[in-house]
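Residues per chain are reported as follows:
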Amino acid sequence: MLLNAYAKLNILLNVHGKYFNGYHSIESIMLPIDLYDILEIESIPNSSDIVIECSDIKIPKNEDNILYKCAKLFQQNFKITDGVKIFLHKNIPTQAGLGGESTDAASLMHFFNDTYKLNLSYDDIFYLGRLLSWDVPICYFQKCMYINDKSNICEVLTPKDILYFLLVKPSFGVSTKNAFEKLDCINHKNASPQPLLDALQYFSQDVGKYLYNCFIQTDSRLITEYISGIQLAKKIGFDGFSMTGTGSCFFAVTTDKQILTNGYKYFHSKYPFIAKTSLQLL
């Protein structure tokens, strides 16, 4: 079985403190985009083996891999007596904030749910997914979503128009763990979600005005990239520029496909990773 695992963008990312168990209260507007990994999956009958291979030699293939953790979770929770062999064709860069690991795990959850007819409920998906990573359940549904842990909100959004994104990633990556540790040490700012929610659903050309990511404040390298990128993006005609996840991938947004093409040509020699993408609405 071949499954596409679509990346995500956080066009808004706030953090509202930490719970007693160490997890953070997150508020985000997340969008699926048409950049994806490919999972080639087959069952191994009457086996407990979990075999992971990957096109990227830097990706771990043992129990440290989120796909291994996901497979083990389903074997144990649903008494699955088959093993699984996975070849991961990796296109989403690591340590980018694009949800590469999470969306891979979400796709594997789809495989188990469909193959073994588990009929997972909404609550099941959130419970199991959150055992692996915060945004696995959101990646599972492949919808534009507004999530606010503090207010217990998880709302599907309907964008008014198609949006185009130019992704650019500098040569350095950012560890999610380190990003949260740094955020905990500063008096960071959050942004109101309502202007961006309204723009996404009613005034697409204004989306770029309200992009926000509190993690940009955690690293001087990210601040430098942001200041430089926002100036260049504005010069080309993009509506806005921001960073996704905990970093270090940045993105420019537009409703004009020609501006996307122009931006790709301009930025192509400036970053080791660059990609043209758009909303992936299933």
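What counts and how
Residues numbered from 1 in each chain as written. Predicted model: local features only at pLDDT ≥ 70, side-chain atom pairs only at ≥ 80, totals over all residues. Heavy atoms only, no water. Helix = DSSP H or I, 4+ residues; strand = E, 2+ residues; numbered from the N terminus. Rg over C-alpha atoms; globule rule 2.2 N^0.38 Å. Buried < 20%, exposed > 50% of the residue type's maximum accessible area, 1.4 Å probe, protein only. Axes fitted to C-alpha atoms, helices over the stretch in contact; angles between N-to-C directions. Parallel < 35°, antiparallel > 145°, perpendicular 65-115°, else oblique. Left-handed = near helix turned anticlockwise from the far one by under 90°. Contact = heavy atoms within 4.5 Å. Nonpolar A, V, L, I, M, F, W, Y, C, P; charged D, E, K, R; others polar. Salt bridge = Lys/Arg side-chain N within 4 Å of Asp/Glu carboxyl O. Pairing = 2+ DSSP bridges.

A.B. asks: Any details on the overall build of the protein? Residues and values, ideally.
C.D. replies: Along the protein, the regular secondary structure elements total eight helices and eleven strands. A compact globule built from 282 residues would reach a C-alpha radius of gyration of about 19 Å, and the protein, at 19 Å, matches this within 12%. If one aligns the C-alpha atoms of the protein with their principal axes, the spans along those axes are about 60 × 40 × 35 Å. Counting over 282 residues, the protein shows a buried share of 54%.

A.B. asks: Tell me about the packing of helix 1 (residues 66-77) against helix 2 (residues 100-115), residues and numbers included.
C.D. replies: Where helix 1 meets helix 2, the axes come as close as 9 Å, and the angle between the chain directions of the two elements is 30 degrees. Relative to helix 2, the element helix 1 is oriented roughly parallel. For the pair helix 1 and helix 2, the crossing hand works out as right-handed. For the pair formed by helix 1 and helix 2, the contact residues are Ile66, Leu67, Cys70, Ala71 and Phe74 on the first element and Glu101, Asp104, Ala105, Leu108, Met109 and Phe112 on the second. Split by residue class, the contact of helix 1 with helix 2 holds nine nonpolar, no polar and two charged.

A.B. asks: Before we move on, could you go through the pattern of salt bridges and cite the residues and values that matter?
C.D. replies: Oppositely charged side chains can form a pair if their charged atoms are brought close together. One pass over the structure, following the stated rule, counts ten salt bridges. Its salt-bridge partner being lysine 90, residue aspartate 104 comes within 3.2 Å of it at the nearest N-O pair. Of the two residues, aspartate 104 is situated in helix 2 and lysine 90 in the loop between strand 4 (83-89) and helix 2; the sequence distance between them amounts to 14 residues. With a shortest N-O distance of 2.9 Å, aspartate 219 and arginine 221 are connected by a salt bridge. A residue is classified by how much of its surface remains accessible, and aspartate 219, at 8% relative accessible area, is buried. Connected via shared salt-bridge partners are Asp37, Lys90 and Asp104.

A.B. asks: Tell me about the pairing of strand 9 (residues 240-243), residues and numbers included.
C.D. replies: On strand 9, burial covers both faces: Gly240 and Ser242 on one face and Phe241 and Met243 on the other are all buried. Pairing geometry for strand 9 and strand 10 (residues 250-254), over four bridges, is antiparallel. Within strand 10, the position partnered with phenylalanine 241 by the bridge is alanine 252. Taking the residues between adjacent antiparallel strands as the criterion, strand 9 and strand 10 are bridged by six residues, where glycine 245 takes a positive phi near 60 degrees.

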